[in-house]
Amino acid sequence: PESRRPVAQSATVFAERLLERGESEEAHKLLAEAAPLLGREPPAPDANVAALLELAAQLRRELGDARPLVRPGR
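Because the structure is a prediction, the values reported are computed rather than measured.

> An account of helix H1 (residues 4-20) is needed here, citing residue identities and associated values.
Helix length check: H1, at 17 residues, gives a terminal C-alpha distance of 24 Å against a target of 24 Å (1.5 Å per residue), a fit within 8%. Every buried residue belonging to H1 is among Ala8, Gln9, Ala11, Thr12, Val13, Ala15, Leu18 and Leu19, and all of these are buried. Residues of H1 that are buried in the fold lie against helix H2 (24-37) and helix H3 (49-63).

So this is what it looks like as structure tokens:
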């Protein structure tokens, strides 16, 4: 449970980058993984790029800015 937010955040950030490059199929997979981790519905199987961008924006608003985790020994 404590790793849900970091996993969702990294998947969302990567999905955003993929969408910028036009790789919506791979972005869809990542958003389908990230959304349920935050209690949201995954994107529809036939979601278009605009819907994926909107979901990514919603997830980012909830997650906040990406930032490194403090880990012992680092």
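That covers the picture; the talk isn't over yet.
> Before we move on, could you go through H3 and cite the residues and values that matter?
Its 15 residues give H3 an end-to-end C-alpha distance of 21 Å, which sits within 8% of 21 Å, the value for a rise of 1.5 Å per residue. Every buried residue of H3 is accounted for by Leu52, Leu55, Ala56, Leu59 and Leu63. One side of H3 holds all its buried residues, which, seen down the axis, span an arc of 100 degrees. Opposite the buried face of H3, by more than 90 degrees, sit the exposed residues Ala50 and Arg61. Structurally, H3 contributes buried residues whose contacts are with H1 and H2. Near the N-terminus of H3, the side chain that reaches the backbone nitrogen of alanine 50, with its oxygen 3.2 Å away, is that of asparagine 48. Note on H3: the residue one or two positions beyond its end, glycine 64, has a positive phi of about 85 degrees.

> Pulling in residues and values, what's your account of the pattern of salt bridges?
This structure, assessed with the given rule, holds 4 salt bridges. Note that glutamate 26 is salt-bridged to lysine 29, the shortest N-O span being 3.1 Å. Linking glutamate 26 with lysine 29, this pair stays in helix H2, spanning 3 residues, or about one helical turn. The class for glutamate 26 is partly exposed, based on a relative accessible area of 37%. What makes lysine 29 partly exposed here is its relative accessible area of 48%. In this structure, glutamate 62 and arginine 40 form a salt bridge, with 3.1 Å as the shortest nitrogen-oxygen distance. With glutamate 62 in helix H3 and arginine 40 in the loop between H2 and H3, the pair connects residues that are 22 residues apart, well separated along the chain. For arginine 40, a relative accessible area of 30% puts it in the partly exposed group.

> Run through the environment of alanine 35, naming residues and quoting values.
Mapped onto the elements of the fold, alanine 35 is located in helix H2. What makes alanine 35 buried here is its relative accessible area of 0%. Contact partners of alanine 35, with chain neighbours within four places excluded, come to Arg40, Glu41, Pro42, Leu55 and Leu59.

Rules and cut-offs
Residues numbered from 1 in each chain as written. Predicted model: local features only at pLDDT ≥ 70, side-chain atom pairs only at ≥ 80, totals over all residues. Heavy atoms only, no water. Helix = DSSP H or I, 4+ residues; strand = E, 2+ residues; numbered from the N terminus. Expected span 1.5 Å × (residues − 1). Buried < 20%, exposed > 50% of the residue type's maximum accessible area, 1.4 Å probe, protein only. Contact = heavy atoms within 4.5 Å. Arc of directions from axis to C-beta. Polar contact = N/O pair within 3.5 Å; in protein donor to acceptor, adjacent residues only side chain to side chain. Salt bridge = Lys/Arg side-chain N within 4 Å of Asp/Glu carboxyl O.

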